[in-house]
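Observations on the model geometry
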Amino acid sequence: MKKTIYMDYSATTPVLKEVVEEMMPYFTEFYGNPASIYSLSNESKMAIDEAKITVSKIINCKPYEIFFTSGGSEGDSWAIIGSAFANRDKGKHIITTAIEHHAVLNSCKFLEGEGFEVTYLNVDSNGLVSIEELKKNIRKDTILVSIMMANNEIGTIEPVKEIGDYLKGKNIIFHTDAVQAAGHVKIDVDQINADLLSLAAHKFYGPKGIGILYIRKGTKVSNIIYGGGQQRGRRGGTENVPAIVGAAKALKIVSDDIEKENTRQENLRNLFVEKALELPYVKLNGILNEKRLSNNINLCFNGKDGEGILFNLDMNGICASAGSACQAGAMEASHVLTAIGLSKEEARSSIRFTIGRFTTEEEILYVVDKLKELTS
Ligand SMILES: *Cc1c(COP(=O)(O)O)cnc(C)c1O
């Protein structure tokens, strides 16, 4: 079998060996239901408590403000739908951006059907949200602002601290989707004044199907998953103990060497971009400075078919992703790339490469060489 070169770390990441090791005993040895009363269950209960402490120290909150979900999509849905429903007596207006993940956009679409009004802020050609635009769109009945910390397609890091500062004391809930930021941007919920923040473990070398939602004490959020009284009565369902243990361990690992890894990946990213731009028909989508995630490269191959390039990359063992998404069998141009001003054709000619902890310089050079060969 030919070697795989994985450059799609923003789609998902491999689970680190240390994470798997930490999880294993909770499948076979400490399998007790954390809600049960016998001693076997204490191990599960303690593991969940430990995980909350670990996560809360990293994102600077209290352990009881941490809730475990089934992933980023549930965290976003819960934060947005839950807070909208719980605050509908105060107003019906929500502000988000045009470049959010579909978990956010489709939660907003659902709420529009329920009588809420949603403003989708435009972004500039680099994908940045403007505070001035936000200010202009705030209404008396605005109850929620949901703006992502970092974009999954072009890696733009949004000015969440400025947004949080502005919203402070305004009685408007601030949610941020930090799924792509984790492990790349230091997350401090107090510093950015976030009330709700969602994370997904599989984007930072933890298992799939487990996420974290931070809910600031006092924030009114309705339940969206009903069941027993788990998680202090706010999310029904037996906790996925091994996954919770894995999520906390993975977040700890990526947070411990965040600076070192960021510098390393940034150098590799810059090398990739520099070499790729030697091709006359290649253009970088987004910016190349500290406002871009250190692992994101998004290139437009003008006049070429992105899908075709991806297919040929795959034939060479290289995993990357398209500037378009297959929706209901038709190729839709990416809503993010069109929002930053690309035409549908340009969006369809774009490819995202996202690197990670296991990416080497050798791989970067190999992929750029292959790209030159496949597209010229
Ligand atoms: C991946 C992703 C999600 C969804 O997370 P899942 O765990 O796959 O449900 C949400 N938001 C962003 C920005 C993402 O990149």
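Every chain's residues receive numbers from 1 upward, in the order its sequence appears when written. The predicted nature of this model means local features are confined to residues of pLDDT at least 70 and side-chain atom pairs, given and counted, to a pLDDT of 80 or more, with totals for whole chains, interfaces and linings taken over all residues. The side-chain figures draw on all heavy atoms in the structure; neither hydrogens nor water molecules are used.

Description of the environment of G211
Within the secondary structure layout, G211 lies in strand 8 (residues 211-215). To sort residues, take the accessible area from a 1.4 Å probe on protein chains only and compare it with the maximum for the residue type: under 20% means buried, over 50% means exposed, and anything in between is partly exposed. Assessed through its relative accessible area of 1%, G211 is described here as buried. Note: C-alpha distance between G211 and E345 (134 residues apart in sequence) is 35 Å. Contacts are assigned to residue pairs that have any heavy atoms within 4.5 Å of one another. Not counting chain neighbours up to four residues away, the residues in contact with G211 comprise F67, F68, T69, S70, G71, L199, A200 and A201. Going along the chain from the N terminus, every DSSP run of H or I of four or more residues is numbered as a helix, and every run of E of two or more is numbered as a strand.

Comments concerning the nonpolar core
The criterion is simple. A nonpolar core is a set of buried Ala, Val, Leu, Ile, Met, Phe, Trp, Tyr and Cys residues joined through side-chain atoms within 4.5 Å. If you look at the biggest cluster of nonpolar residues, it comprises 66 residues, and the most contacted ones within it are M149, L197 and L199. For this core, the element with the most residues is helix 9 (residues 241-256), which contributes 10 residues. In this structure, this core is formed jointly by two domains, domain 1 (17-256) and domain 2 (258-375), each of which donates at least three residues. Every residue in contact with M149, bar those within four places of it in the chain, is listed here: T156, I157, E158, V160, T176, D177, A178, A181, V185, I187, I192 and L197. What fixes the domain bounds is an automatic or database domain assignment.

A closer look at the pattern of salt bridges
Throughout this description, the term salt bridge denotes a Lys or Arg side-chain nitrogen within 4 Å of a carboxyl oxygen of Asp or Glu. Counted by the stated rule, this structure contains 20 salt bridges. A salt bridge links R139 to D141; the shortest N-O distance between them is 2.9 Å. In this structure R139 comes out as partly exposed when scored by relative accessible area, which is 33%. The closest approach of N and O atoms between D256 and K252, which form a salt bridge, is 2.9 Å. Residue D256 and its partner K252 are located together in helix 9, separated by four residues, close to a single helical turn. Taken together, the salt bridges that share partners define one network made up of K92, E117, R139 and D141.

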